[in-house]
Amino acid sequence: MYSFFSRSIYVPCLRQPASSLTTRKNLMIRKLLCSYFVISSLAMAAKPKLVVVISVDQFAYEYLVRFEDHFGPNGFRYLLENGANFSAATYKHAKNTTGPGHATILSGSYAEQNGIIANTWYDITAKQDVGCVRDKSTTLVGAEGVGSSPINFIGSTVGDELRISSNFQSKVISVSLKDRSAILLAGKLANGAYWMVDSSFVTSTYYTNPLPVWVSAFNTTGIINSYFGKKWERILPDEAYSGLDNDDAPYEDGGDGLGRTFPHTINGDNPSKITRSYYYALHRSPFGDEILSSFAKEAVKNERLGKDDHTDLLCIGLSATDEVGHAFGPHSQEILDMCVHTDQLLADLFGFLEIEVGLHNCTIVLTADHGITPIPEYILAHVPKTDAGRVKHTKVIDFCNAALTKTYGRLKNGSWIKRSINGNIYFDRDALFEKKLSVDAAAQVLADSLATMKEIAAAVAGIDLVNRPLSLPIEQKMRRSFYALRSGDVIHALKPFYIEDDGTVGTDHGEPYDCDAHVPLIIIGDGVRSGTYATDASPADIAPTLAIVLGVEFPAGCEGRVLTEALKLP
C-alpha cells in the first residue's frame, strides 16, 4: 500500500553504546562525529513536513510478538515491515512509570538530568507530595482546577529545539488522555498540549487562554459523553482468546462498573447517569483512545500541521492500554483486545496522514513509556511456591521503623519515616534531629537493613548513588532515576514479580526489570533504513536521532545515542 519505503542492507556505523564511554567529553566527541557523517548523508534528503511521535502507554515490546498474528497490514505490521525496528530497546533507568518515560522520549535524558524521578514525589521542605507536572501557578483552561505545565522538567526536548531552530515557525502540538503524557512529550516551548478532563479536552494557562476555537468546537460535539452505555465487545473470534487467562480471573479489577468479563459496559458506577466514574471506565477501554485519535486528527487539520516548509511535530500519548493493563493484566483477554483495537486505530491514523500530509512527507516514531509486571496472583496460580506477591506500603514503613529503632533506640514521638512513595523513602527530619543523626548516616544504616527484606532486590542510600562507584546494573539504573533535590534519602527496588500495592487485584509497574523496561522503538520515514536491529538501544535514543534527521541541536542534557545503524548512509 505505502511503497515509498525501500528495504536496505544493514550497515553499522559508530555503534558504540553510550554506557561504554567514561566521560562526557567522549560522549560529546562521539555525537559530533555522528553528526558529521550522518548530516552529510542526509543533506540531500528533504526534511519531513511532519514528525509524529506516538507513545502507547504501558505497551510491552512482547505484545508485538505475542499478538502479531492478530494484527492487520496497515497498523503495527506496517511499521514493523517498513520501519527500523529496535527489538532490544529498553529504558536504562529504574523507575519505569509514565512521567519518567515520557520525559525521556523526546529529551533523550533520564531523571538524573531532567528531574522527573516519578509521577509523584515528596517535597521534604514543603512537606507535601508533588505531581510531576502539577503547577499551582496555572489554572486549567476548559475546566475548573489547578493547571499543569512542564514546571518540574529540566532541559529541553526535540520539539523545543525544532521551535528555536525555525524561529518559532514550526508547530509542536501534543495530545493525550493524561496531562503528564501530553506535557512531557511537548516540552517547554510547544504551541499546545491538551489532555482530557471529564467531558472536555483542556490545557492550562501556561500554554494559552482561552482554548483555541477548534478545541472548543470539538468539546461541544459531545463525543466524549456519547459513549455512555456503550458495550466493549470482543473484536476477535472466541478461539483467538483461548491461549490467554480466564475471562473471569478473580485478581482482575472490574471496578467502575466494567466487571471482569466481556462485554464491558461503559457507564461507570451509575447506569442511569454520567458520574466521574464513567470517565474512569471510558479511559479503561479502547474508546478512550478512539476519542483521542479523533482529537489528534482535528489538531492536524486545524493547526495545518505539515502544510508548509517548516517541519511540525505532533505527539500522541495513547493512554488506554495503561488503564486496561493495570486492571486486567498483560495476560488477559482484555489486553489482546486492546492491542488489536490499537492496531486498527493506528491503521486508520496512518490512512488519514496519507490523505492530509502524505506519508512520504512524515517521519513516524512508535514507542512506549514503560511495560508492565504480570499480576502476582496470575504467577502464583500457576506456580504457587514461586517468589511473587504484593508488598503493602505500610509493611515497608514498618520495616524501616523497626530497623532504625533497633539501631538508634525508640523515638519520643512519631515515626522515623515521613513518606514512602514510588520506591523513595524520606526521613522525618524531626526524628533525625531528636537523635542528633545526619541524613547520610541514617540512610546508609537503613539501606543496609532494607536490603535484607524478603521482597527487596536492592536498597541504596542517596549519598551512595552520588559518591560511590556503582558496579551492579540495578544500581546504575537507580542512579539514572536519582535527582538529589527530589529523590528519597533511600531508594529501593523490589524483586521481580513483586509490586508495591495495598490492594488485591490488578497489577503495576515501576521496577528496573525488562518486563517494565522493554518497549517498542520503531522509526519510519525518508532517510531511515528499514529492518530489525537487535543492537542495544533505548527510547532515550529517539531524541538525538530525530535531532539529526531534522538538523536541529541535541536537547539539553541528552544522554542517548544516534541510531546511526538505521539511517541511510552514503
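Structure shown above.
What you see is a predicted model; the values in this text were computed from it and never measured. (Residues numbered from 1 in each chain as written. Predicted model: local features only at pLDDT ≥ 70, side-chain atom pairs only at ≥ 80, totals over all residues. Heavy atoms only, no water.)

(A) Broad picture of the overall build of the protein chain. Looking only at helices and strands, the protein chain has 20 helices and 21 strands in total. Expected size for 570 residues packed as a compact globule is a radius of gyration near 25 Å; at 23 Å, the protein chain falls within 12% of this value. Counting only C-alpha atoms, the protein chain reaches 70 × 65 × 50 Å along its principal axes. Burial statistics for the protein chain: of 570 residues in total, 59% are counted as buried. In the protein chain, 73% of the contacts between residues at least 6 apart in sequence involve partners at least 24 apart. Accessible surface for the protein chain amounts to roughly 22000 Å². Of this, 52% is attributable to carbon and sulfur atoms. Averaging the coordinates of the 53 positive side-chain charges in the protein chain and doing the same for the 65 negative ones gives two points 6 Å apart. (Helix = DSSP H or I, 4+ residues; strand = E, 2+ residues; numbered from the N terminus. Rg over C-alpha atoms; globule rule 2.2 N^0.38 Å. Buried < 20%, exposed > 50% of the residue type's maximum accessible area, 1.4 Å probe, protein only. Contact = heavy atoms within 4.5 Å. Areas by Shrake-Rupley, 256 points an atom, 1.4 Å probe, with all protein chains shown as cover. Lys, Arg positive; Asp, Glu negative; His and termini not counted. Charge placed at Lys NZ, Arg CZ, Asp CG, Glu CD.)

(B) Examining the packing of aromatic side chains more closely. For the structure on display, the rule yields 20 aromatic pairs. Ring centres 4.9 Å apart and planes at 80° place the aromatic pair Y206 and Y207 in the edge-to-face group. Given a relative accessible area of 35%, Y206 falls into the partly exposed group. Within the aromatic cluster, the residues linked to one another by ring pairs are F59, Y63, F67, F71 and F76. (Phe/Tyr/Trp six-rings, centres within 6.5 Å; stacked < 30°, edge-to-face > 60°.)

(C) Fine view of the pairing of strand β20 (residues 521–524). Neither face of β20 is open: one carries L521 and I523, the other I522 and I524, and all of them are buried. Across 2 bridges, strand β2 (residues 84–86) lies against β20 in antiparallel orientation. Along β20, the bridge assignment pairs A84 with I523. Summarising the sheet, strand β13 (residues 362–367) and β20 pair through 4 bridges and their orientation is antiparallel. Following the sheet pairing, T367 is matched in β20 by L521. (Pairing = 2+ DSSP bridges.)

(D) Summary view of the layout of surface pockets. Its boundaries defined by the atoms lining it, the largest pocket holds a volume of some 1200 Å³. Those elements that provide at least two residues to the lining of the largest pocket are β5 (134–141), β6 (146–148), α7 (179–186), β8 (192–197), α9 (276–283), α11 (320–328), β18 (490–494) and β19 (498–500). Its residues assigned to classes, the lining of the largest pocket comprises 16 nonpolar, 18 polar and 16 charged. (1 Å grid on protein atoms, 1.4 Å probe; cavity = no way out; pocket = protein on both sides within 12 Å on 5 of 7 lines; lining within 4 Å. Points joined across faces, edges and corners; volume = space filled by probe spheres on them. Nonpolar A, V, L, I, M, F, W, Y, C, P; charged D, E, K, R; others polar.)

(E) Focus on the sheet that holds strand β9 (residues 200–204). Reading across from one edge, β6-β5-β9-β8-β7-β12-β1-β13-β20-β2-β21 is the order of the 11 strands in this open sheet, with mixed pairing throughout. If you trace the sheet from one side to the other, it starts and ends with β6 and β21 (531–533), each paired once. With strand direction ignored, the average angle separating the axes of adjacent strands in the sheet is 25°. Relative to β9, β5 runs antiparallel, the two being bridged by 2 bridges. Bridged to V141 within β9 is T203. Contacts from α7 reach β1 (50–56), β6, β7 (172–176), β8 and β12 (312–318) within the one sheet, and its direction differs from that of β7 by about 160°. Contacting β8 and β9, helix α8 (residues 213–220) runs over the sheet at an angle of about 150° to β9. (Axes fitted to C-alpha atoms, helices over the stretch in contact; angles between N-to-C directions.)

(F) Up close: the nonpolar core. One finds I54, L106 and I364 to be the most contacted residues of the largest nonpolar core, which totals 137 residues. If one sorts the elements of this core by residue count, helix α12 (residues 333–356) sits on top with 11 residues. Setting aside residues no more than four positions away along its own chain, I364 makes contact with V52, I54, L79, F350, L353, L359, I522, I523 and I524. Counting residues in each nonpolar core, the second largest holds 23 residues, with L411, W416, A442 and I456 among its members. (Core = buried A, V, L, I, M, F, W, Y, C linked by side-chain atoms within 4.5 Å.)

(G) The sheet that holds strand β17 (residues 456–461), seen in detail. Read from one edge to the other, the open sheet built from 4 strands follows the order β15-β16-β18-β17, with strand pairing classed as antiparallel. Looking at strand neighbours, the two that pair on one side only are β15 (417–421) and β17, the edges of this open sheet. Between one strand axis and the next, the sheet turns through 20° on average, direction left out of account. As paired elements, β15 and strand β16 (residues 424–427) share 4 bridges and run antiparallel to each other. Looking across to β16, one finds that I417 is bridged to F427.

(H) View of the pattern of salt bridges. Counting across every chain of the model gives 25 salt bridges. The partner of D238 in a salt bridge is R234, with the nearest N and O atoms 3.6 Å apart. Taking relative accessible area as the criterion, R234 reaches 30% and is therefore assigned partly exposed. Here D489 and R429 are joined by a salt bridge, their closest N and O atoms 2.7 Å apart. On the criterion of sequence distance, the pair formed by D489 in the loop between α18 (473–480) and β18 and R429 in helix α15 (residues 429–434) is long-range, its members being 60 residues apart. Under the relative-accessibility criterion, R429 is labelled partly exposed at 33%. (Salt bridge = Lys/Arg side-chain N within 4 Å of Asp/Glu carboxyl O.)

(I) Spatial organisation of the side chain of S87. Checked against the element boundaries, S87 lands in the loop between β2 and α4 (98–105). Aside from chain neighbours lying at most four places away, what touches S87 is Y61, H518, T532, Y533 and A534.

(J) Empty space enclosed by the protein, seen in detail. Counting across every chain of the model gives 2 cavities of 30 Å³ or more. Its boundaries defined by the atoms lining it, the largest cavity holds a volume of some 40 Å³. Lining the largest cavity, in full, are D245, Y251, E252, F328, G329, P330, H331, S332, I375 and Y378. Residue composition of the lining of the largest cavity, by class: 5 nonpolar, 3 polar and 2 charged. By volume, the second largest cavity amounts to about 30 Å³. Every residue lining the second largest cavity is listed: K95, N424, S481, F482, S487 and I491.

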